[in-house]
Amino acid sequence: MPENKVKKYFSLVEVWAWCDICQDMVALSVDKDEIHNGLEMGIYTKEFKHKNPHPELEDPDDLSGDEHTIYVYINDNYDVTGVKSFFGDSPTIESLEEAAAASGATEVRIPIIIKDVPATSVHLGMITPDEYKVLKICDGMNTLEQVAEIAGQNLEDVEKMMEKLHKKGLVDVIKRV
Ligand SMILES: [Zn+2]
């Protein structure tokens with residue numbers, strides 16, 4: 001799988017992200033203002049619906065000509081820390097199971113935010129900036145391992161953080177063995 005690429009300009013960034021469904025790079029340009037507004041100290045998620053303009057017409061399994069969504073996670077340094085593609089509103093549980101297996105996990109753990117936390121919670125010292133960032137990625141679309149990767153933190157730290165945030169009633173971790 002080719003590396004995702006980013007070119008940073010004065011007011012925008014150009015991103016080439018690998019779409020698993022198209023089996024090709026998808027090019028996007030994103031305003032830095034848009035990223036700043038969405039970041040709020042965390043991770044910005046760029047959502048982009050598209051169709052593969054050149055699907056493999058001979059291949060009945062290639063559905064990339066149908067509209068699908070790519071999520072590109074961008075951090076405050078304008079680097080891409082995660083990409084995922086899916087049909088419909090969210091990735092299927094099967095694709096999350098595959099992702100968990102690929103990262104060597106024996107069970108599928110999907111953290112989901114259950115209480116929306118405003119950015120002011122960080123200023124008030126209720127949660128740390130790292131916890132806030134991680135919470136924003138707990139959108140039900142990522143396994144615990146993917147959350148750690150997107151947030152740029154190690155898995156053990158994120159596991160501990162999840163326990164703490166769960167006790168605070170902010171996040172639930174759904175498990176499937
Ligand atoms: Zn695609």
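Read on for a plain summary of the structure.

Rules used in this analysis
Residues numbered from 1 in each chain as written. Predicted model: local features only at pLDDT ≥ 70, side-chain atom pairs only at ≥ 80, totals over all residues. Heavy atoms only, no water. Phe/Tyr/Trp six-rings, centres within 6.5 Å; stacked < 30°, edge-to-face > 60°. Buried < 20%, exposed > 50% of the residue type's maximum accessible area, 1.4 Å probe, protein only. Lys NZ or Arg CZ within 6 Å of the ring centre and 35° of its normal. Core = buried A, V, L, I, M, F, W, Y, C linked by side-chain atoms within 4.5 Å. Helix = DSSP H or I, 4+ residues; strand = E, 2+ residues; numbered from the N terminus. Domains from an automatic or database assignment. Contact = heavy atoms within 4.5 Å. Pairing = 2+ DSSP bridges. Axes fitted to C-alpha atoms, helices over the stretch in contact; angles between N-to-C directions.

So, on to the packing of aromatic side chains. Geometrically, a pair of aromatic rings is defined through the distance of the ring centres and the angle of the planes. Following the criterion strictly, the structure yields two aromatic pairs and no others. Residues Tyr71 and Tyr73 carry aromatic rings whose centres are separated by 6.2 Å and whose planes lie at 65° to one another, so their mutual orientation is edge-to-face. Each member of the pair, Tyr71 as well as Tyr73, is classed as buried. Site record: aromatic cluster; members linked through ring pairs are Tyr71, Tyr73 and Phe86. Positioned above the aromatic ring of Trp16, the side-chain terminus of Lys5 is 5.8 Å from the ring centre.

Before going further, it helps to spend a moment on the nonpolar core. As a rule of thumb, soluble globular proteins bury nonpolar side chains together. Core analysis: the largest hydrophobic core is formed by 24 residues, its most contacted members being Ile127 and Val134. Listing elements by their share of this core, those giving two or more residues are β5 (68-74), α4 (129-137), α5 (144-151) and α6 (155-167). It is α5 that contributes the most residues to this core, five residues altogether. Looking at this core, you find at least three residues from each of domain 1 (1-89) and domain 2 (93-177). Setting aside its immediate chain neighbours within four residues, Ile127 contacts Val117, Ser121, Val122, Tyr132, Leu135, Leu165, Lys168 and Leu170. Membership of the second largest hydrophobic core comes to 17 residues, among which are Ile21, Leu28, Leu39 and Ile74.

As a further point, take the sheet that holds β5. Note on sheets: strands pair through backbone hydrogen bonds, and any given pair is parallel or antiparallel. Here three strands make up an open sheet; going across it, the order is β4-β5-β6 and the pairing antiparallel. For this open sheet the edge positions go to β4 (44-50) and β6 (80-86), each flanked by a neighbour on one side alone. Across the sheet, the axes of successive neighbouring strands diverge by a mean angle of 15°, strand direction being ignored. Sheet analysis places β4 next to β5, joined by seven bridges and oriented antiparallel. Residue pairing in the sheet places Glu47 in a bridge with Tyr71 of β5.

It is worth stressing that arrangement in space is one thing and function is another; only the former is reported here.
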